[in-house]
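Structural features, examined
The lines below spell out each chain.
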Amino acid sequence: MEAFVLPKAELGGFVAKLKADYEVFGPVAKDTEFVFGPIAAAEDLRLDYDTTILPPKKYFHRPVETLFKFDGAVEIAGEGEKVGKQVLFGVHPCDVNALLSLDKVFLGTYPDPYYKARRENTVIIGLNCVAPCENGFCSSFNTGPAMDAGFDLALTDIGDRYVVEVGSAAGKELAAGLAAASADDLIARNKALRACQQKITRRIDAENLGELLHQNVEHPKWEELKEECLACGTCTTVCPTCFCFGVKDYVDLTLKSGERPRTWDSCMFYEFSRVALDHIFRPDRAARIKQRIFHKLAYFSQQFEGSPGCVGCGRCVSTCIKSIDPVEIVAAIQANPNPPKEVKLFTPVIKKITPEKSPWEPQKAVIKAIKPQTKDTTTYTFAFVDAKVQEAYTYDPGVFNMISIFGIGEAPISISSCADVKDSFDHTIRAVGNVTNALAKLQVGDIVGIRGPYGVGWPVEEMKGKNVLLVAGGIGLAPLRPVIKYIQARRDQYGDFEILYGARTPNDMLFTDEFEEWRKIPNTRLYLTVDYVPPGVEWGHNIGVVTTLFDKMASRPENTIMITCGPEIMMKFVVRGLLARGFSPEQIYVSLERRMSCGIKKCGNCQIGPVFVCQDGPVFKYADIKDLPEEIF
Amino acid sequence: MAKPRIAVFKFSSCAGCQLELLNIEDHLLDVLGAVDIAYFVMAKRENHEGPYDIGFVEGAVTSPKELLELKKIREECKVLVAMGACACTGGLPSIKNFAGTQRQAEERVYTELWDIKSIPAYGIDYYVKVDAYLRGCPIDIGEMVELIKSALLGVNPHFRPHSVCNECKLKENVCLLVNKGKPCMGSVTAAGCGALCPSLNRPCEGCRGPANDANAASLAQTFLTELGLTRDDVRRKFLKYAGNTPEFRKGAEAV
Ligand SMILES: Cc1cc2nc3c(=O)[nH]c(=O)nc-3n(C[C@H](O)[C@H](O)[C@H](O)COP(=O)(O)OP(=O)(O)OC[C@H]3O[C@@H](n4cnc5c(N)ncnc54)[C@H](O)[C@@H]3O)c2cc1C
Ligand code: SF4
Ligand code: SF4
Ligand code: SF4
Ligand code: SF4
Ligand code: FES
């Protein structure tokens, strides 16, 4: 360890020197509390602070941030605030470690250009803790009271001076001119930190938090917390590792130009998991508290290579009106745990994709054709305006795009065309809300924004040589249509093919004009069913929910892969029915369509347990998700 | 929507929301250049008959006559907006609902009772379908502009219905409740005001009504046991602006 000393009397000069090249931010007093704010001179710095209201996260993942500006559908300009060179002075170890966790989120899958620019332009001067803060429990996660990574310089108060450790080349440059630390200085440093460590009595002591929590998904503690918690979301707002945000368009008064900002959001909010038609995936407060606590203490490290989702900074405890406290929650569960059972923790594979342009900027695409399917559902054929982009565009059956109508917003929509078609692609869209209704008003020749393709599609490779059973409900046929076309084009590579399709009424069926063609695919059977037939409508097929077709089908579990998409309740019964018929969870694939805001594993909206539907799915092997703590089906 | 015809109506209220609207009228006409204020008695001499594209209703309904008027307004307006706490939840006029019988309330205010025909005060959606709500006492002008833009675009405005605490913490305010022991209602009140009161060192009074999934009973317990408020004080806090809502009623009844 290379270390220097900075006498306290020289702090002023040190800060003044920094200010020549950098904007300096650090802890300052605000009423009875502290916040990170601009530092004009060393006197402003309150290095005796315990914790700040918001963590330094706010300098990297801004509470509100413009992703880009637009003018009509035509001009899109990447925005992001200008980032100057800055120093964060006096960051505690927990917050330094929290930034290392956030790095995994924002610099991992699809690096975020804005976060990245700020990280690269910021020097971190850390401050090790020589006195524990009131509610912290950093030592539980080795994220304090001393830091061992993530800083350019790290100070430790040893009385009349700071020991200054060097953590990077930039740090070393800043330390130029300081005297080297003596052996006594280093002994004093170690003593001070050890003493602090011993004074930290708040601890989460669990051998394996993931297992403990998974075994106690049902526990009286959650119901107790549900009664207490105010659902105010403050715990997540102040948390240095929370990353969730929502994306929304703002238009100015021309109604044409505006910008697309992202704003911090929270899983503690009722509407966080709300999708179109007002379905809410996590309406229950107990479920939302579980999401938060599980995410902090278990999922985060499953999602991001072992990084801690809680660094024990204690902010959520200090700020909560009801003093709801992770330490106390874990202790209560440990004191009275459910009987142990075996739990399998599914950890998705981590990918990293570095697009050439900002992952936030949609490409312009033109509507080439519009074909009505039902009274509220339409198939649109798109092509990217930039021919090179269109040429390079490839996708797997079952993946999705984010479609933008500038000024209204963005929605995730599956691609419904065959991946073999090269000059265009289709989306089949039901008009249910803002974006989809706005789309319904567009005409051939109009421009929208599209980013993608995103996600994992149907296992068309694994299905090769096997029989395929396809079960679709309502609009769920749209993401399955690419599979039908794919098999049709490679008929000899697959075994028997059965398609079971159900809709509410005959008039709600999609792609009816293609049914004849599908029936003609060799070795393929198509079964149709509707929930009911309105008077005056002709119908020569089955009546009943889609599972009533199971008695008619020939598919047996042997050597078969089943793929299904439709409303969750339908998929639930489909899966149950097939399990009862001897299919194994390994043979069943489902597509989940949860709420999405980013598509690129950043906004947190689509999480189910440790899974991000946007990148780890939307298609999942049922075996992988069936044991997730958030009972899916 | 081409130049929507806008109308502003008033029932039992202090007219503060209309006043707030007046504060931006110039700006609104100027920049939008797109709305036609057809009926706004407080603002203009010349007013026109319906139908209207958007009707803003201020105030709670507290008499049979107002009820008839409201029903007519509903028929005349394509989009009907409840403007302000009184129209949204009953607001301050609804305090009388909790002050004994209707007659007792009337007796406390008036000496001549023979001509008083009042009914309990409710938000207007108790009687007619409401398409959008502008909460608060008074309304937030930013939300008003957002609502008009949304109407022009033909989309549902997305107002964020979570707690005021969220906006308060984003401003890094020192918490009035946790750090100063004041009975702030921000945690159960719907955001959108930018945490106006707490930012000025005044506890949130709950004028915007309940946030989504508000847990008023739990906050009431904190007021009672940790801040030492009396039962009556706690009750009054939850009945002040939105006692008609089941969410805040739970707060009043929890103590
Ligand atoms: C992987 C995936 C594939 C999909 N494929 C199709 C498809 O092929 N065809 C089709 O018609 N629909 C599809 N959907 C559903 C579609 O995304 C929603 O119906 C759509 O978001 C509705 O947008 P809206 O703005 O019109 O709805 P609104 O009701 O206006 O949306 C209200 C709010 O909820 C948000 N919201 C609503 N639904 C979703 C959602 N699912 N994810 C994120 N935010 C949401 C909106 O952003 C907005 O903030 C798919 C969804 C997913 C997740
Ligand atoms: S801060 Fe406390 S009361 Fe508010 S949502 Fe978090 S746990 Fe619940
Ligand atoms: S969960 Fe609480 S203690 Fe842990 S990092 Fe977040 S705010 Fe800090
Ligand atoms: S899902 Fe995780 S990161 Fe997102 S708000 Fe909840 S706890 Fe924070
Ligand atoms: S002052 Fe009020 S609104 Fe602000 S955080 Fe505290 S309780 Fe919430
Ligand atoms: S994380 Fe944003 S949609 Fe999945």
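Structure first, text after, so check above.
So, here's what we can say about the structure. Quantities reported herein were computed from a predicted structural model and do not represent experimental measurements.

Further remarks concern the overall build of chain B. Assigned secondary structure in chain B consists of 11 helices and 5 strands. On C-alpha atoms alone, chain B measures out to a radius of gyration of 19 Å, which is about the 18 Å that the 2.2 N^0.38 rule sets for 255 residues. For the C-alpha atoms alone, the extent of chain B along its principal axes is close to 55 × 50 × 25 Å. Relative to its full complement of 255 residues, chain B shows a buried share of 53%. Excluding contacts between residues fewer than 6 apart, the proportion of contacts in chain B whose partners are at least 24 apart in sequence is 71%. As presented, chain B carries roughly 11,500 Å² of accessible surface, and 53% of it is formed by carbon and sulfur atoms. Seen as two clouds, the 31 positive and the 31 negative side-chain charges of chain B have centres 4 Å apart.

On to the interface of chain A and chain B, then. Between chain A and chain B, the residue contacts involve 44 residues of the former and 36 residues of the latter. Both faces considered, chain A and chain B share a buried interface measuring about 3,400 Å² in area, 55% of it formed by carbon and sulfur atoms. On the chain A side of the contact with chain B, Leu-253, Ile-321 and Asn-434 of chain A bury the most area, a combined 20% of that side's loss. The partner of Asp-213 of chain B in a salt bridge is Arg-288 of chain A, with the nearest N and O atoms 2.5 Å apart. Here chain A and chain B share 22 residue pairs in polar contact (both at pLDDT 80 or more) between them.

Attention now moves to the sheet that holds strand E9 (residues 161-166) of chain A. Residues and elements named next belong to chain A. In spatial order, the strands read E3-E2-E6-E7-E8-E9-E1-E10; together these 8 strands make up an open sheet with mixed pairing. Two strands close off the open sheet at either side, each with one partner strand: strand E3 (33-38) and strand E10 (179-180). Two strands pair when backbone bridges link them, and strand E1 (residues 3-7) and E10 are joined in this way by 2 bridges, in the antiparallel orientation. When the bridges of E10 are listed, Phe-4 appears paired with Ala-180. Along the sheet, helix H1 (residues 11-21) makes contact with E1, strand E2 (23-30), strand E6 (86-91), strand E7 (122-127), strand E8 (153-157) and E9, crossing E6 at roughly 150°.

Inspection of the region around ligand 4 gives Thr-236, Cys-242, Phe-243, Cys-244, Ser-266, Cys-267, Gln-291, Arg-292, His-295, Lys-296 and Gln-607 of chain A as its neighbouring residues. For the shell around ligand 4, the class distribution of residues is 4 nonpolar, 5 polar and 2 charged.

Bringing the environment of Glu-75 of chain A into the picture now. Residue and element names in this part refer to chain A. Tracing the sequence through the fold places Glu-75 in strand E5 (residues 75-78). Assessed through its relative accessible area of 52%, Glu-75 is described here as exposed. For the pair Glu-75 and Asp-160, spaced 85 residues apart in sequence, the C-alpha separation works out to 58 Å. The contact partners of Glu-75, leaving out residues within four places of it in the chain, are Lys-69 and Phe-70.

So, on to unusual backbone geometry. The peptide bond linking Gly-617 of chain A to Pro-618 of chain A adopts the cis configuration, its omega dihedral lying at 10°. With respect to the secondary-structure elements, Pro-618 of chain A resides in the loop between helix H17 (613-616) and strand E30 (619-621). In this chain, Cys-137 of chain B is followed by Pro-138 of chain B through a cis amide linkage whose omega measures 0°. Even without being a glycine, Tyr-110 of chain A presents a positive backbone phi close to 50°. Inspection of the secondary structure puts Tyr-110 of chain A in the loop between helix H2 (93-107) and helix H3 (113-120). Backbone geometry places Asn-523 of chain A, a non-glycine residue, at a positive phi of 60°. One can find Asn-523 of chain A in the loop between helix H15 (515-519) and strand E24 (524-530). Using a relative accessible area of 52% as the deciding quantity, one classes Asn-523 of chain A as exposed.

The subject of this paragraph is the sheet that holds strand E2 (residues 36-40) of chain B. Residue and element names in this part refer to chain B. If you walk across this open sheet you meet the 5 strands as E2-E1-E3-E4-E5, and the pairing is parallel. In this open sheet, the two edge strands, each paired with only one partner strand, are E2 and strand E5 (132-134). Ignoring which end each strand starts from, the neighbouring axes of this sheet average 25° apart. By the bridge criterion, 6 bridges tie strand E3 (residues 52-58) to strand E4 (residues 77-83) in an arrangement that is parallel. Residue pairing across strands places Phe-56 opposite Val-81, the latter belonging to E4. Packing of helix H3 (residues 64-76) onto the sheet brings it into contact with strand E1 (5-10), E3 and E4, and relative to E4 it is tilted by some 130°.

Residues and elements named next belong to chain A. Ranked by internal contacts, the top residues of the largest apolar core, which has 102 residues, are Phe-89, Ile-125, Phe-243, Val-471, Leu-500, Leu-578 and Leu-592. Beyond its immediate stretch of four places on either side in the chain, Leu-500 contacts Leu-469, Leu-470, Val-471, Ala-472, Tyr-527, Val-546, Leu-549, Phe-550 and Met-553. In terms of nonpolar packing, the next biggest core, distinct from the first, is built from 31 residues, Val-483, Tyr-494, Phe-515 and Ile-561 among them.

What follows is about the packing of helix H10 (residues 231-239) of chain B against helix H11 (residues 246-253) of chain B. Residue and element names in this part refer to chain B. In contact at an axis separation of 8 Å, H10 and H11 are set at 175° when each is read in the N-to-C sense. On the basis of the axis angle, H10 is roughly antiparallel to H11. Within the contact between the two elements, H10 uses Val-234, Arg-235, Phe-238 and Leu-239 and H11 uses Phe-248, Arg-249, Gly-251 and Ala-252. Here the contact of H10 with H11 is built from residues that sort into 5 nonpolar, 1 polar and 2 charged.

Further remarks concern the environment of Cys-603 of chain A. Residue and element names in this part refer to chain A. Its place among the elements puts Cys-603 in the loop between strand E27 (588-591) and strand E28 (607-608). You can call Cys-603 buried: its relative accessible area is 2%. When the C-alpha positions of Cys-603 and Arg-262 are compared, they lie 8.9 Å apart, and in sequence the two are 341 residues distant. Dropping the residues within four chain positions of it, Cys-603 is found in contact with Cys-244, Phe-245, Phe-272, Ser-597 and Cys-598.

Looking now at the site of ligand 1. Ligand 1 sits among 22 residues. The nearest are Pro-412, Arg-430, Asn-434, Thr-436 and Met-596 of chain A. The residues that come close to ligand 1 belong to more than one chain, namely chains A and B. Within the backbone of Val-435 of chain A, one N or O atom sits 2.9 Å away from an oxygen atom of ligand 1. A total of 840 Å² of accessible area belongs to ligand 1 in isolation, and the protein chains cover 91% of it. For the shell around ligand 1, the secondary structure elements donating two or more residues are strand E14 (274-275), strand E19 (409-414), strand E20 (425-430) and helix H13 (434-440) of chain A. Broken down by element, the residue count for the shell around ligand 1 peaks at 4 residues, all from E19 of chain A.

This part covers a negative patch on the surface. On the surface, Glu-218, Glu-223, Glu-227, Glu-228 and Glu-631 of chain A together with Glu-226 of chain B cluster together to form a negatively charged patch. By residue number, the principal contributor to the negative patch is helix H7 (residues 220-228) of chain A, which donates 3 residues. Structurally, the position occupied by Glu-223 of chain A is in helix H7. Taking relative accessible area as the criterion, Glu-223 of chain A reaches 44% and is therefore assigned partly exposed.

Attention now moves to helix H16 (residues 568-580) of chain A. What sets the pattern is the α-helix's 3.6 residues per turn: residues three or four places apart point alike. All names here are of chain A. Between its terminal C-alpha atoms H16 stretches 18 Å, which fits the 18 Å expected from 13 residues at 1.5 Å a residue. Taken together, the buried positions of H16 are occupied by Met-570, Met-571, Val-574, Val-575, Gly-577 and Leu-578. Buried residues along H16 cover an arc of 165° about the axis, so they all sit on one side. Facing away from the buried side of H16 by over 90 degrees, the exposed positions are Ile-569 and Ala-580. Contacts made by the buried residues of H16 are with strand E22 (467-473), strand E26 (560-565), E27 and helix H18 (622-625). Downstream of H16 by one or two residues, Gly-582 has phi in the positive range, about 95°.

Residues and elements named next belong to chain A. This model, assessed by the stated rule, comprises 37 aromatic pairs over all chains. Here the aromatic rings of Phe-515 and Trp-518 are separated by 5.6 Å at their centres, their planes lie at 50°, and the arrangement is tilted. On the criterion of helical spacing, the pair formed by Phe-515 and Trp-518 is a turn pair, its members being 3 residues apart in helix H15. With a relative accessible area of 6%, Phe-515 lands in the buried category. Classification of Trp-518 by relative accessible area gives buried; the value is 1%.

About the thresholds
Starting from 1, residues in each chain are numbered consecutively following that chain's sequence as written. Chains carry letters from A onward and ligands carry numbers from 1 onward, assigned in written order. Totals for whole chains, interfaces and linings use every residue, but because this is a predicted model, local features are given only for residues with pLDDT of at least 70 and side-chain atom pairs only at 80 or more, for both listing and counting. The side-chain numbers reported here are obtained from all heavy atoms of the structure, hydrogens and water having been left aside. In this text, helices come from DSSP runs of H or I with a minimum length of four residues, and strands from runs of E with a minimum of two, each type numbered from the N-terminal end. Computation of the radius of gyration draws on C-alpha atoms alone. For the globule rule, the value is 2.2 Å times the number of residues to the power 0.38. Exposed residues in this analysis have more than 50% of their type's maximum accessible area, buried residues have under 20%, and partly exposed residues fall in between, with area computed by a 1.4 Å probe over protein chains only. Contacts are assigned to residue pairs with any non-hydrogen atoms lying within 4.5 Å of each other. To measure how exposed things are, a 1.4 Å probe is used in the Shrake-Rupley method; for residues, cover is taken only from the protein chains shown. In this count, Lys and Arg are taken as positive residues and Asp and Glu as negative ones, while His and the chain termini are left out. For the purpose of locating charges, the reference atoms are NZ of Lys, CZ of Arg, CG of Asp and CD of Glu. Buried area counts how much accessible surface, traced with a 1.4 Å probe, disappears from two parts once they are put together, with both parts' losses summed. The rule for a salt bridge is simple: a side-chain nitrogen of Lys or Arg has to be within 4 Å of a carboxyl oxygen of Asp or Glu. Definition of a polar contact: a pair of N or O atoms within 3.5 Å, with one able to donate and the other able to accept a hydrogen when the atoms are protein atoms, and with sequence-neighbouring residues admitted only if both atoms are side-chain atoms. For two strands to pair, DSSP has to find at least two bridges joining them. Inter-axis angles, ranging from 0 to 180 degrees, are taken between N-to-C directions of lines fitted to C-alpha atoms, where helices are fitted over the stretch in contact. We call a residue near a given molecule or strand whenever any one of its heavy atoms falls within 4 Å of it. In this classification, Asp, Glu, Lys and Arg are treated as charged, Ala, Val, Leu, Ile, Met, Phe, Trp, Tyr, Cys and Pro as nonpolar, and every other residue, Gly included, as polar. Grouping buried Ala, Val, Leu, Ile, Met, Phe, Trp, Tyr and Cys residues that are joined through side-chain atoms within 4.5 Å yields what is termed a nonpolar core. With respect to orientation, any angle under 35 degrees is reported as roughly parallel, any angle over 145 as roughly antiparallel, any angle of 65 to 115 as roughly perpendicular, and every other angle as oblique. Each patch is assembled from residues with relative accessible area greater than 30% and no salt bridge, linking like charges that lie within 9 Å and nonpolar side chains (Val, Leu, Ile, Met, Phe, Trp, Tyr) that lie within 5 Å. A helix is expected to span 1.5 Å multiplied by its residue count minus one. Comment: arc refers to directions from the helix axis out to C-beta atoms. Any pair of Phe, Tyr and Trp rings, taking the six-membered ring for Trp, is counted once the centres come within 6.5 Å. Such a pair is stacked with planes under 30 degrees apart, edge-to-face with planes over 60 apart, and tilted for the rest.

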